Amino acid sequence: MTRLVPTRIELARPLPPLTYLAPEGIPAGLRVKVKLRTGSLVGVVLGPDPAPPQVKLRPIEAVVDPFPLLPPKLRALLEFAGNYYGCGLPHLMALCLPAGVQADWETPSPDGRPFSDFREANDWLALEALGQAWHEGRWPLPGLFHRRSLRGAGVTEVRRTSQPHPLKVTPTQARVLSVLEEGGGAAREEDLLANAKVGVSVLATLERNGLIERVRRLDLLSQKREESPARHVILNEEQQRAFAAVDLTKFGAYLLYGVTGSGKTEIYLELAEMVLAQGRRVLWLVPEIGLTPRLLVRLEGRFPGQVAVGHAGLNMTEKQADVMRLLNDEAPIFVGVRNAVLAPLRNIGLIVVDEEQESSYKSEEHPRIHARDLAIKRAQLEDCPVILGSATPSLESWHAAQSGRYRLLKLTQRPAGSTLPTVKIVDLRECYKTERKKVVFSPLLLKALQETLEQGQQSMLLLNRRGFENFWMCRACGKPLDCPHCAISLTYHKGSYRLRCHLCGFEAAPPEVCPACGAEHLRGVGEGTEQIEDQLQARFPTARILRLDRDTTQRRGSLEAGLLAAEHGEVDILVGTQMLAKGHTFPKLTLVGILNADMGLKISDFRAAERTFHLLTQVAGRAGRAELPGRVLLQTYSPDHPAIIHAVAQNFEAFAEEELPYRQGMAYPPFAALSLYRSEGDTPEDALAPLQSLKARLQAIAGLRILGPLEAPIPKVKDRYRMQLILKAWTRAPLSEALCVAPLPPGGAITLDRDPQSFGV
Ligand code: ADP
Ligand code: ZN
C-alpha cells in the first residue's frame with residue numbers, strides 16, 4: 001500500500017504552490033495530475049510539505065512521468081532561468097514540454113517489468129536510474145510515448161529506395177511503384193495514395209520490404225518555390241576564416257557580424273554539417289518562422305528529413321509530435337523561435353541565434369525570458385559554441401564583442417554580388433517650408449514612385465502606425481478622444497468605421513459631437529497606414545497596392561500569402577508597418593520610402609535610437625538586392641539625429657560608437673542591468689502600495705539604485721491602474737539579490753520584467 005504524504009505542487013497558473021497528498025518519495029520535478037476547482041491540471045512536484053495546511057488534503061489524481069522527461073542539462077537551464085527571472089518551474093516547463101507528451105507506464109524496463117510495477121512498489125529511485133540511462137543514450141526507448149494519431153508538423157514524403165524492382169509484386173504495389181517512378185522517385189504520401197488508389201497498408205508493406213521509405217518533411221510545398229535548395233557553395237576566404245575560428249569542442253560565444261547577403265547562413269550550414277557528423281545536435285533560433293521560408297528550404301535541402309521546426313503557429317498535436325521527435329533523437333536539427341531555446345534536445349553541439357538583435361527574442365509575457373541570453377547560458381551548460389549572427393548587432397552583443405567576452409567574426413563582402421542601395425534623406429522641414437503645409441509624400445518620393453511604376457518595378461512604403469488616423473481630437477476644446485478603459489487615444493479605422501483602442505480592443509462608432517464639450521469640430525490627426533493606402537490609390541489609380549499591417553494580417557498565413565504575392569510580382573506598391581522590414585526578398589523591389597523616420601525617436605525610451613537605427617537599416621536593405629540597383633528615400637524632420645545619419649550611411653559601427661558612451665553615461669544597458677517591477681490595482685493607491693513595501697525591503701541591498709515607484713508610461717489599461725519600480729545596478733548580482741530578499745509569489749500583486757527591453761508601455 002502506497003503511503004501518501006503532504007506534497008507541495010506548483011501549477012503553471014498564477015497561483016502559489018498548493019499542497020496535495022502524493023506517494024512518499026516521489027522526486028521533485030515530476031509532473032503529476034491534480035484536481036483544481038476548474039478541472040484537472042498538470043503540475044510539478046516541488047517536494048514534501050513540512051507544514052501542511054490544517055485542512056483535509058486531496059490526493060493527486062495520477063503521477064504523469066515515470067522519471068523527468070527533460071534532459072538533465074535542460075533541467076539545469078530551467079532551474080537557472082527560474083531563479084533569474086523569478087518564475088516557477090512549471091511556467092518554464094510549459095514552454096518546452098506540452099502536457100500531452102506523456103510516457104507509457106506499460107513500457108518494459110530492461111528486466112521486462114513495466115514501469116507501472118515500480119510505481120506500485122514506490123521505487124522512484126529505480127525509475128530515476130532508468131530515466132538517466134535513457135537520457136544518456138544507454139537505453140533507447142522507442143515505445144516510450146503514446147503516439148496514436150499524432151502526425152507532426154509537415155508532410156510525409158514517400159521515396160523509392162535504390163532496391164531494384166522485384167519481379168513479382170501485387171497489382172496494388174505495382175501501381176504505387178509506377179506512380180513513384182513517374183514522379184521522379186518521390187511523392188507526397190497523400191498524393192501517392194490518391195493517385196495509386198491504394199490504402200496505407202500497401203505502403204507499409206512496401207516499406208517493410210525495403211522498396212520505399214517514408215520521410216517527414218517540413219511543409220515547404222505550400223510555399224511553392226522554384227529555387228533548387230541543395231546547391232552547395234564553396235566558402236570564400238573570409239567565410240572560411242570565420243568558419244575555422246569557431247571551436248566546436250567547447251563553449252564559446254561568437255558574434256558573426258556581416259551585412260545581409262554576406263553569407264552568414266552558409267557558415268552556419270557548414271558548421272551544422274560538422275556537428276551532425278560528430279553525432280551531435282544543432283539548435284537554431286530565428287526571430288520569426290513565417291519570414292524565413294528560404295532558410296527552411298535550404299536546411300531541408302541540405303539535411304533532408306532531419307529538421308524539426310517549432311513556432312507559435314503549430315497546433316498542439318504538431319508541437320507534441322515535434323517534442324517526441326526530439327526526445328527520441330529523431331531530429332538532429334531543431335529550428336525555432338524564442339521558446340525553442342528550451343527545446344528538449346540532448347547532446348547539443350552548436351547553437352545559432354540568427355538576427356540576434358531582434359526584440360522578438362524577449363518574451364513580453366510571463367515568463368519573460370530572453371532567448372538570446374538563455375542561448376548563451378545553455379551553450380555554457382552544454383559546453384558548445386553559440387553563434388549570434390547579425391548585420392546590425394544589439395549593443396549588448398556588440399559591447400560584449402568589443403570587450404572580448406564574445407569573439408567577433410566579421411564578414412565584409414557579398415559573395416552573390418549585388419550592392420547596397422543608395423540612401424537619400426528628404427528633409428520634411430524643407431518640404432513644409434515650400435508647401436506651407438504638412439506633407440505625407442514629398443515631391444521627390446512621388447516622382448520616384450511614378451518612375452518605379454513606369455519601369456514595372458516595385459516600391460515599398462513604411463509607416464510605423466496602423467489605422468487611418470492616429471487619433472481624433474476636438475478643435476473646440478482640444479481634447480483627444482480617449483479609450484474609456486485605458487489612458488491612450490482611440491485610433492480611427494476607416495474600413496470598419498470604428499474608433500478602436502489598440503491596447504484593450506475597445507471599439508465604438510465615431511461620435512458626431514465632442515463627448516466633452518458638445519462641439520461639432522472633431523478631426524483626425526496623424527495618418528496611419530490605412531490612410532496612406534487610400535491616398536496612394538487616389539494618386540496612382542492603376543497601381544496594385546497591398547497593405548500589410550496587423551489589421552490586414554490577422555488570419556494565420558495571410559502575411560505570408562501577401563509577401564508571396566509581392567514576391568511573384570503581383571503587387572506594385574507595398575504599404576505597411578515594420579512587419580515589412582524583414583524576411584522575403586522581392587526581386588523587383590527597387591524603391592523603399594520611409595514616410596516618417598523619426599516616429600520611433602519620439603518615444604522616451606533608452607533604446608529608441610537603437611531601435612530606429614535597426615528598423616531603418618533593415619528596411620533600407622530591402623531595396624535592390626538582385627540585379628537591379630535600389631534606392632531608399634528617408635523622410636524625416638530630424639536629419640541630424642545620429643540614428644538617422646548612421647542609418648543613411650548604413651554604418652553600424654559608427655552608430656554604436658556614438659550611442660554606447662551615451663548608454664554608459666546614463667547607466668543603461670549594456671553597461672548597467674535593469675529590473676522592472678510592475679503592479680496593478682483598481683485605484684492608483686492600490687497599485688502603489690505593494691511597490692512601496694517592496695522598495696522598503698530592498699533599501700539595504702548594496703549597489704542597487706531604486707527609481708520610483710512611478711506611474712507606468714501608460715498609467716491605465718483595461719480599467720487597471722499601473723505603477724512601476726525600476727532597479728538599476730552596474731552588475732546583475734544586486735538584482736538577483738533583490739529576488740532572494742523579496743521573492744515574488746506567483747499570482748501576487750507584483751510582476752517582474754528582468755532585463756526589460758524598454759521602461760514599459
Ligand atoms: P546572410 O545569411 O548573411 O544573409 P546567406 O548565407 O544567405 O547570407 O548568403 C546570401 C546569398 O549568397 C545566398 O544566396 C547564398 O547561397 C550566397 N552565398 C553565400 N556564400 C556564398 C559563396 N561562398 N559562394 C557563392 N554564393 C554564396
Ligand atoms: Zn482601451
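What counts, and at which threshold
- Residues numbered from 1 in each chain as written.
- Chains lettered and ligands numbered in written order.
- Predicted model: local features only at pLDDT ≥ 70, side-chain atom pairs only at ≥ 80, totals over all residues.
- Heavy atoms only, no water.
- Near = heavy atom within 4 Å.
- Polar contact = N/O pair within 3.5 Å; in protein donor to acceptor, adjacent residues only side chain to side chain.
- Donors = N, O, S within 2.8 Å, 3.2 Å for Na, K, Ca; no water.
- Tetrahedral: all angles 85-135°; square planar, octahedral: opposite > 155°, others 65-115°.
- Helix = DSSP H or I, 4+ residues; strand = E, 2+ residues; numbered from the N terminus.
- Buried < 20%, exposed > 50% of the residue type's maximum accessible area, 1.4 Å probe, protein only.
- Phe/Tyr/Trp six-rings, centres within 6.5 Å; stacked < 30°, edge-to-face > 60°.
- Lys NZ or Arg CZ within 6 Å of the ring centre and 35° of its normal.
- Pairing = 2+ DSSP bridges.
- Axes fitted to C-alpha atoms, helices over the stretch in contact; angles between N-to-C directions.
- Contact = heavy atoms within 4.5 Å.
- 1 Å grid on protein atoms, 1.4 Å probe; cavity = no way out; pocket = protein on both sides within 12 Å on 5 of 7 lines; lining within 4 Å.
- Points joined across faces, edges and corners; volume = space filled by probe spheres on them.
- Nonpolar A, V, L, I, M, F, W, Y, C, P; charged D, E, K, R; others polar.

Inspection of the region around ligand 1 gives 17 residues, with Ile234, Gln239, Gly261, Thr265 and Arg298 positioned closest. One nitrogen or oxygen atom from the main chain of Ser262 is found 3.3 Å from an oxygen atom belonging to ligand 1. Residue Glu266 places a side-chain N or O atom 3.0 Å away from an oxygen atom belonging to ligand 1.

The zinc ion (ligand 2) binds to the protein through Cys483 (SG), Cys486 (SG), Cys501 (SG) and Cys504 (SG); the donor distances cover 2.3 to 2.4 Å. Taken together, the 4 donor atoms coordinating the zinc ion (ligand 2) span angles of 106 to 113° at the metal, a pattern that classifies the geometry as tetrahedral. Here the donor residues for the zinc ion (ligand 2) map to a single chain with the spacing C-x2-C-x14-C-x2-C. In this pair, Cys486 sits in the loop between β18 (469-474) and β19 (491-493) while Cys504 sits in the loop between β20 (498-500) and β21 (507-508), placing the two residues 18 residues apart along the sequence. The exposure class assigned to Cys486 is buried, which follows from its relative accessible area of 2%. Residue classification places Cys504 among the partly exposed positions, given a relative accessible area of 24%.

Here we take up unusual backbone geometry. With an omega of -10°, the peptide bond between His366 and Pro367 qualifies as cis. Residue placement: Pro367 occurs in the loop between β13 (348-353) and α12 (371-382). For the bond running from Gly708 to Pro709, omega is 0°, close enough to zero to count as cis. Inspection of the secondary structure puts Pro709 in strand β28 (residues 705-717). The phi dihedral of Gln650 falls on the positive side, at around 50°, and the residue is not glycine. For Gln650, the position within the fold is in the loop between α19 (642-648) and α20 (652-665). The class for Gln650 is partly exposed, based on a relative accessible area of 22%.

With that settled, consider the packing of aromatic side chains. Under the defined criterion, the tally for this structure stands at 17 aromatic pairs. Plain terms: the ring middles of Phe67 and Phe115 are 5.8 Å apart, the flat faces sit at 75° to each other, and that makes the pair edge-to-face. Separated by 48 residues along the polypeptide, Phe67 in the loop between β5 (62-63) and α1 (72-85) and Phe115 in helix α3 (residues 115-120) bring together distant segments of the chain. Summarising the aromatic geometry, the rings of Trp105 and Trp124 are spaced 6.5 Å apart at their centres and angled 85° between planes, so their arrangement reads as edge-to-face. Within this pair, whereas Trp105 is found in the loop between α2 (89-96) and α3, its partner Trp124 is found in helix α4 (residues 124-135), the two being separated by 19 residues in sequence. Accessibility assignment for this pair places Trp105 and Trp124 in one class, buried. Above the plane of the ring of Phe118 lies Arg113, whose end atom (NZ or CZ) is 4.3 Å from the centre. The ring of Trp134 carries Arg346 above its face, with NZ or CZ at 4.5 Å from the centroid.

What the 6 strands build is an open sheet, ordered β16-β26-β25-β17-β24-β23; its pairing is parallel. Among the strands making up the open sheet, the edge pair consists of β16 (422-427) and β23 (545-548). The mean inter-strand angle of the sheet, taken between neighbouring strand axes irrespective of direction, is 15°. Direction of pairing for strand β17 (residues 458-462) relative to strand β24 (residues 573-576): parallel, over a ladder of 4 bridges. Across the sheet, the residue bridging to Met460 is Leu574, located in β24. Against the sheet, helix α17 (residues 558-567) touches β17, β23 and β24, its axis set at about 150° to β23.

Moving on, we come to the sheet that holds strand β30 (residues 750-754). The antiparallel open sheet is built from 4 strands, whose spatial order is β28-β29-β27-β30. Each edge of the open sheet is held by one strand with a lone partner, namely β28 and β30. Each adjacent strand pair in this sheet contributes to an overall mean axis angle of 25°, direction not counted. In the sheet, β28 pairs with strand β29 (residues 720-729) via 7 bridges, with the strands oriented antiparallel. Across the sheet, Lys716 pairs through a bridge with Tyr721, a residue of β29. Along the sheet face, helix α21 (residues 684-698) touches β27 (673-681), β28, β29 and β30 and points at about 20° away from the line of β29.

Attention shifts here to empty space enclosed by the protein. Counted by the stated rule, this structure contains 2 cavities of 30 Å³ or more. Its volume calculated, the largest cavity comes out at about 40 Å³. Every residue lining the largest cavity is listed: Pro68, Arg75, Glu128, Gly131, Gln132 and His135. Sorting elements by how many residues they give to the lining of the largest cavity places α4 first, with 4 residues. When the residues that make up the lining of the largest cavity are grouped by side-chain class, the tally is 1 nonpolar, 3 polar and 2 charged.

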